[in-house]
Amino acid sequence: MAYYPINLDLQNKKCIVVGGGAVAERKVISLLEFGGRIVVIAPELTPALKQLAKQGKVEHVSAEYQPGILQGAFLVIAATNERHVNEAVAEEAGHLGILVNVVDTPSLCNFFVPATVKRGDLIISVSTSGKSPALAKHIREKLETEFGPEFGMLADLLGAIREKVKAKYSNQHDRNSAYERIINSNVLALLAEGRSEEALEVAIKCI
């Protein structure tokens, strides 16, 4: 059965990654990008993770996983190469009601990390509900070529003029029409050319 898509606010929330290898490193970098407060539990770390810990960007608990160590976590990712450890992490997280993802073991997960294209605050995610990460990656790569940085800039622009639109139109249908006029104008092309002030002017005229 397909999983329900959801976006999580990770800002300053405790996110635990169990494991210190290359896969754990990728997970940590992604969590940091979305503002998580990261704790890495592992006896050894990759050079990149060591550097992040040295810089104070992640907290490193130099130890093997032990029951009780997940207390207070909002989200947990198990990324060790020991199945019994990953299973123990999933079991404890389940008892504690914590979101848990076990890399490459869908049956132990209660959420999956989608393949993601990030353009500023614009997030485009692709999920196969854990059935084929390779397919999700393939689709993500296509999306990366289609949606450039200007789409993130457009999201920012629309957010900046949102109050103007709300002030002018009390009806949601009229508000949606205003946004459609902006999106269908040449605003996106102007943003792609770095002409942000002109893009704002055009957007305001479209309102």
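Everything that follows concerns the structure shown earlier in this document.
Note that the coordinates shown come from a computational prediction; the quantities given were computed from them, not determined experimentally.

About the thresholds
- Residues numbered from 1 in each chain as written.
- Predicted model: local features only at pLDDT ≥ 70, side-chain atom pairs only at ≥ 80, totals over all residues.
- Heavy atoms only, no water.
- Helix = DSSP H or I, 4+ residues; strand = E, 2+ residues; numbered from the N terminus.
- Rg over C-alpha atoms; globule rule 2.2 N^0.38 Å.
- Contact = heavy atoms within 4.5 Å.
- Areas by Shrake-Rupley, 256 points an atom, 1.4 Å probe, with all protein chains shown as cover.
- Pairing = 2+ DSSP bridges.
- Axes fitted to C-alpha atoms, helices over the stretch in contact; angles between N-to-C directions.
- Phe/Tyr/Trp six-rings, centres within 6.5 Å; stacked < 30°, edge-to-face > 60°.
- Lys NZ or Arg CZ within 6 Å of the ring centre and 35° of its normal.
- Salt bridge = Lys/Arg side-chain N within 4 Å of Asp/Glu carboxyl O.
- Buried < 20%, exposed > 50% of the residue type's maximum accessible area, 1.4 Å probe, protein only.
- Expected span 1.5 Å × (residues − 1).
- Arc of directions from axis to C-beta.
- Polar contact = N/O pair within 3.5 Å; in protein donor to acceptor, adjacent residues only side chain to side chain.
- Patch = residues over 30% accessible without salt bridge, like charges linked within 9 Å, V, L, I, M, F, W, Y side chains within 5 Å.
- Lys, Arg positive; Asp, Glu negative; His and termini not counted.

Some thoughts on the overall build of the protein chain
Right, on to step 1. Across its full length, the protein chain carries nine helices and seven strands.
Right, on to step 2. By the compact-globule yardstick of 17 Å for 207 residues, the protein chain is too spread out, its C-alpha radius of gyration being 21 Å.
Right, on to step 3. With the C-alpha coordinates aligned to their principal axes, the bounding extent of the protein chain is approximately 60 × 40 × 35 Å.
Right, on to step 4. At a minimum sequence separation of 6, the contacts of the protein chain that also span at least 24 residues come to 50%.
Right, on to step 5. If you sum the accessible surface of the protein chain, you get close to 12400 Å²; carbon and sulfur atoms cover 52% of it.

Details of the sheet that holds strand β1 (residues 14-18)
Right, on to step 1. If you walk across this open sheet you meet the five strands as β3-β2-β1-β4-β5, and the pairing is parallel. One side of each edge strand has no neighbouring strand; the edge strands of this open sheet are β3 (58-61) and β5 (99-102). Between one strand axis and the next, the sheet turns by 20° as a mean value, whatever way the strands run.
Right, on to step 2. With four bridges connecting them, strand β2 (residues 37-41) and β3 associate as parallel partners. Paired with valine 40 across the bridge in β3 is histidine 60.

What to know about the packing of aromatic side chains
Right, on to step 1. Tallying each qualifying case throughout the model produces two aromatic pairs.
Right, on to step 2. Cation over ring: lysine 13 sits above phenylalanine 74, and NZ or CZ is 5.6 Å from the ring centre.
Right, on to step 3. Lying across the ring of phenylalanine 34, lysine 118 places its NZ or CZ 5.6 Å from the centre.

Things to note about the pattern of salt bridges
Any two side chains of opposite charge can pair if their charged atoms end up close together.
Right, on to step 1. Inspection of every chain in the model, using the stated rule, returns seven salt bridges.
Right, on to step 2. Put simply, arginine 140 and glutamate 141 hold a salt bridge, and the shortest N to O gap is 4.0 Å.
Right, on to step 3. Residue classification places glutamate 141 among the partly exposed residues on the basis of a relative accessible area of 36%.
Right, on to step 4. Among the salt bridges present, the one from lysine 166 reaches glutamate 163, with a minimum N-O distance of 3.9 Å. Taken together, the residues span about one helical turn, with lysine 166 and glutamate 163 both in helix α6 (residues 162-168) at a distance of three residues.
Right, on to step 5. For glutamate 163, a relative accessible area of 54% corresponds to the exposed category.
Right, on to step 6. Because the salt bridges share partners, they merge into one network encompassing Arg140, Glu141 and Glu144.

Notes on helix α5 (residues 149-160)
Right, on to step 1. Over its twelve residues, α5 extends 17 Å from the first C-alpha to the last, a length consistent with the 16 Å expected when each residue adds 1.5 Å.
Right, on to step 2. For α5, the set of buried residues is Glu150, Phe151, Gly152, Leu154, Leu157 and Leu158.

Digging into helix α7 (residues 172-183)
Owing to its 3.6 residues per turn, the α-helix aligns residues three or four sequence positions apart on the same side.
Right, on to step 1. The end-to-end C-alpha distance of α7 is 16 Å, a good match for the 16 Å that twelve residues give at a rise of 1.5 Å each.
Right, on to step 2. Within the span of α7, buried status applies to Arg175, Ala178, Tyr179 and Ile182. Relative to the axis of α7, the buried residues are bounded by an arc of 95° and lie together on one face.
Right, on to step 3. In this fold, the buried residues of α7 make contact with α5, α6, α8 (187-192) and α9 (196-206).
Right, on to step 4. At the N-terminal end of α7, a side-chain oxygen is found 2.7 Å from the backbone nitrogen of histidine 173, two or three residues along, and the residue is asparagine 171.

Observations regarding the side chain of arginine 175
Right, on to step 1. Mapped onto the elements of the fold, arginine 175 is located in helix α7.
Right, on to step 2. Sequence-distant contacts of arginine 175, defined by excluding residues within four places in its chain, comprise Val165, Lys166, Tyr169 and Ser170.

So, a nonpolar patch on the surface
Right, on to step 1. On the surface, a nonpolar cluster with roughly 390 Å² of combined accessible area is contributed by Tyr4, Ile6 and Leu8.
Right, on to step 2. Judged by its relative accessible area of 73%, tyrosine 4 is exposed.

Topic: the side chain of arginine 119
Right, on to step 1. Note on placement: arginine 119 falls in strand β6 (residues 115-119).
Right, on to step 2. Buried and unpaired, arginine 119 has no salt bridge, with glutamate 144 as the nearest side chain of opposite charge at 5.5 Å.
Right, on to step 3. Those residues within four positions of arginine 119 in sequence are excluded, and the remaining contacts are Glu144, Phe147, Gly148, Pro149 and Gly152.

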